[in-house]
Amino acid sequence: MPRKTAPFKGNLGDVDLRLLRLFATVAEAGGFTAAEAELQIGLSTISKQLKALETRLGVTLCRRGRGGFALTDQGRSVLAAVRQLLGALDGFRERMNNIHTEIAGDLNLGLIDTLVTDPNFRLPHILAAAKRRAPRVQVNISVDPPNLLERAVLEERLHAAIVSVRQRLPGLNYRFLYGEQNNLYCAETHPLYRYCPDEVPVEMLMDCEVVGRIYAEQDEARQFASGLVRTATANDVEGVAILVLTGRYIGYLPDHYVRATRFALPLRPVLPNRFGYAVEFELATRARAHFSPSALNFLTELAREYGLVMGV
């Protein structure tokens, strides 16, 4: 029999906001265990606090058990409302900070993984310059697949993101920053290794197991049109590298990442003239966004470094 619940009444207090932030963290992490490190509290405490929030709101927010963690329909509606509420609170805080002459507030940036080994990736230099001009700004960096970053920019949870663009989304502006070369790689213990890079027999190649990046599925599928088939996936570059290092798989990795990383085994590219491809990295920002001074300060430095005309 469904639990009888009372509608939410009363004003929001500090305790309510703390519980709502906890719920948003758990929901976006995909469960209690995944959120434990970020919240820095134990699973039992998370469970108790989420239960208290459900009682306070009069709804069941999620299901948790052997089947895993999942938001209820009510939970998804509450999450959307929480994001809107927290966004409004953050906006109010930034506006209060902007009353002062010194630039303050948060700068929320998104990146895909393993960019730091690319010499064309100049974000550390850009952030250093931005912090010199605005030392009170708090910088928050999120590392996620491109689709999640783009959604966060659209929802104004991020001011900007550096992404590899597959399909431009309405509501976002994209500005080219630089390119990156990707190649198929195999490890020293793989049968193809002795023939790499350019003398790999086609019949051996067709028998290979391939690991692919989930977010780069379209790009990699075009390269695999000749008959290669993915038998494993990973949601980031490091996951691909781990499977390549087993000696059982070949997979796409950025050239700069391979050059800069001290792997347990040597890697070699597989027929780079045939299977290599370039990836373009772009800055994604929300169209017609009203940028805070902290975001404008950062975007000004980025535009100067990469020679962009921002038009923000």
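Just so it is clear, the structure is predicted and the values come from calculations on it, not from any experiment.

Peer 1: Got a sec to walk through the packing of aromatic side chains? Specific residues and values, please.
Peer 2: Aromatic ring pairs are described here by two measures, namely the spacing of the ring centres and the angle between the planes. One pass over the structure, following the stated rule, counts five aromatic pairs. Aromatic side chains Phe32 and Phe69 sit 6.0 Å apart centroid to centroid with 55° between the ring planes, which places their arrangement in the tilted category. Taken together, the residues Phe32 in helix 2 (residues 32-39) and Phe69 in the loop between strand 1 (62-63) and strand 2 (70-71) connect sequence positions 37 residues apart. Where Tyr252 meets Tyr277, the ring centres are 5.0 Å apart and the plane angle is 75°; that geometry is what we call edge-to-face. With a gap of 25 residues between them, Tyr252 in strand 9 (residues 249-254) and Tyr277 in strand 11 (residues 277-286) connect regions that are remote in the sequence. Residue Tyr252 shares its accessibility class with Tyr277, and that shared class is buried.

Peer 1: Tell me what's going on with unusual backbone geometry, and back it up with residues and numbers.
Peer 2: Pro197 follows Cys196 through a cis peptide bond whose omega is 10°. Tracing the backbone shows Pro197 in the loop between strand 6 (172-187) and helix 7 (202-206). A positive phi is found at Glu156, a non-glycine position, where the angle reads about 65°. Tracing the chain through its elements places Glu156 in the loop between helix 6 (146-154) and strand 5 (160-164). In this structure, Leu271 is a non-glycine residue whose phi angle is positive, near 45°. Relative to the elements of secondary structure, Leu271 occurs in the loop between strand 10 (267-269) and helix 11 (272-275).

Peer 1: I'd like a rundown of the pattern of salt bridges, residues and numbers included.
Peer 2: Considering all chains together, one arrives at twelve salt bridges under this definition. A salt bridge links Asp16 to Arg56, with the shortest nitrogen-to-oxygen separation between them at 2.9 Å. Taken together, the positions of Asp16 in helix 1 (residues 14-29) and Arg56 in helix 3 (residues 43-57) put the pair 40 residues apart, joining distant regions of the chain. Taking the relative accessible area as the measure of exposure, Arg56 reaches 30% and is therefore partly exposed. Of the charged contacts, one joins Arg248 and Glu209 as a salt bridge, the two residues approaching to 3.6 Å between their closest N and O atoms. Residue Arg248 is found in the loop between helix 9 (237-244) and strand 9, and its partner Glu209 is found in strand 7 (residues 209-213); the two are separated by 39 residues along the sequence.

Peer 1: Residue-level account of the environment of Glu94, with values.
Peer 2: By secondary structure assignment, the location of Glu94 is in helix 4 (residues 73-98). Separated by 199 residues in sequence, Glu94 and Pro293 place their C-alpha atoms 8.6 Å apart. Leaving out residues up to four positions away in the same chain, Glu94 has contacts with Asp106, His159, Ser292 and Ser294.

Peer 1: How would you explain the environment of Gly179 if you had to name every residue and give the values?
Peer 2: Within the element layout of this structure, Gly179 appears in strand 6. C-alpha separation for the pair Gly179 and Ser164, spaced 15 residues apart in sequence, amounts to 9.2 Å. Ignoring sequence-local partners within four residues, the contact set of Gly179 consists of Asp118, Asn120, Val279 and Glu280.

Peer 1: Requested: an account of the confidence of the model for the protein, with residues and values cited.
Peer 2: Summary statistics for the protein give a mean pLDDT of 88 and a share of 90% for residues scoring 70 or more. When pLDDT is averaged over each element of the protein, strand 10 comes out on top at 98 and helix 8 (residues 217-223) at the bottom at 61.

Peer 1: Now, about the packing of helix 1 against helix 2: what can you tell me, with residues and values included?
Peer 2: Two elements in contact, helix 1 and helix 2, have axes whose closest approach is 8 Å; the angle formed by their N-to-C orientations is 125°. By the angle class used here, helix 1 and helix 2 are oblique. Relative to helix 2, the crossing made by helix 1 is right-handed. Counted together, Leu22, Thr25, Val26 and Ala29 of helix 1 and Phe32, Ala34, Ala35, Glu38 and Leu39 of helix 2 form the full contact between these two elements. Each residue belonging to the contact of helix 1 with helix 2 can be placed in one class, and the counts come to seven nonpolar, one polar and one charged.

Peer 1: Give me helix 1: which residues, what numbers.
Peer 2: Spanning 16 residues, helix 1 covers 23 Å between terminal C-alpha atoms, matching the ideal 22 Å at 1.5 Å per step. Of the residues one or two after helix 1, Gly30 is the one with positive phi, at around 90°.

Peer 1: Which residues make up the side chain of His256, and what are the values?
Peer 2: One can find His256 in helix 10 (residues 255-260). Reaching out from His256, the side chain makes a polar contact with the side chain of Thr117 at a distance of 2.6 Å. From its side chain, His256 meets the backbone nitrogen of Asp118 in a polar contact 3.3 Å long. Apart from residues no more than four positions distant in its own chain, His256 is found in contact with Thr114, Leu115, Thr117, Asp118, Pro119 and Glu180.

Peer 1: Quick rundown of the packing of helix 5 (residues 123-133) against helix 12 (residues 293-306)? Include the residues and the values.
Peer 2: Orientation of helix 5 relative to helix 12, taken along the N-to-C sense of each, is 135°, at an axis distance of 9 Å. With respect to helix 12, the element helix 5 is oriented oblique. The handedness of the crossing between helix 5 and helix 12 comes out as right-handed. Judged by residue contacts, Leu123, His125, Ile126, Leu127, Ala129, Ala130 and Arg133 of helix 5 engage Asn297, Phe298, Thr300, Glu301, Leu302, Glu305 and Tyr306 from helix 12. In terms of residue class, the contact of helix 5 with helix 12 is built from eight nonpolar, three polar and three charged.

Conventions adopted
Each chain carries its own residue numbering, running from 1 in the direction its sequence is written. It should be noted that, the model being predicted, local features are given only for residues of pLDDT at least 70 and side-chain atom pairs only at 80 or more, the latter also being counted only at that level, while totals for whole chains, interfaces and linings use all residues. Remark: hydrogens and water are excluded; side-chain values derive from all non-hydrogen atoms of the structure. Stacked, edge-to-face and tilted labels apply to pairs of Phe, Tyr and Trp rings (six-membered ring for Trp) whose centres lie within 6.5 Å, assigned for plane angles under 30 degrees, over 60, and everything in between, in that order. Numbering goes from the N terminus for both helices and strands, where a helix is a DSSP run of H or I of at least four residues and a strand is a run of E of at least two. Residue exposure (1.4 Å probe, protein chains only): buried if accessible area is under 20% of the type maximum, exposed if over 50%, otherwise partly exposed. Within this document, salt bridges are pairs made up of a side-chain nitrogen of Lys or Arg and a carboxyl oxygen of Asp or Glu, the two lying within 4 Å of each other. Should any heavy atoms of two residues lie within 4.5 Å, those residues are counted as being in contact. Scored between 0 and 100, pLDDT is the confidence that the predictor attaches to each residue. To obtain an axis, a line is fitted to C-alpha atoms, over the contacting stretch when the element is a helix, and the angle between two such axes runs from 0 to 180 degrees between their N-to-C directions. Should an angle lie under 35 degrees it is considered roughly parallel, over 145 roughly antiparallel, and from 65 to 115 roughly perpendicular; all remaining angles are considered oblique. Crossing handedness is read from the near helix: turned anticlockwise from the far helix by less than a right angle, it gives a left-handed crossing, and turned clockwise, a right-handed one. Asp, Glu, Lys and Arg are counted as charged, while Ala, Val, Leu, Ile, Met, Phe, Trp, Tyr, Cys and Pro are counted as nonpolar; the rest, among them Gly, fall into the polar class. A helix is expected to span 1.5 Å multiplied by its residue count minus one. Polar contacts, as used here, are pairs of N or O atoms within 3.5 Å; protein pairs need one atom able to donate a hydrogen and one able to accept it. Residues neighboring in sequence count only if both atoms are side-chain atoms.

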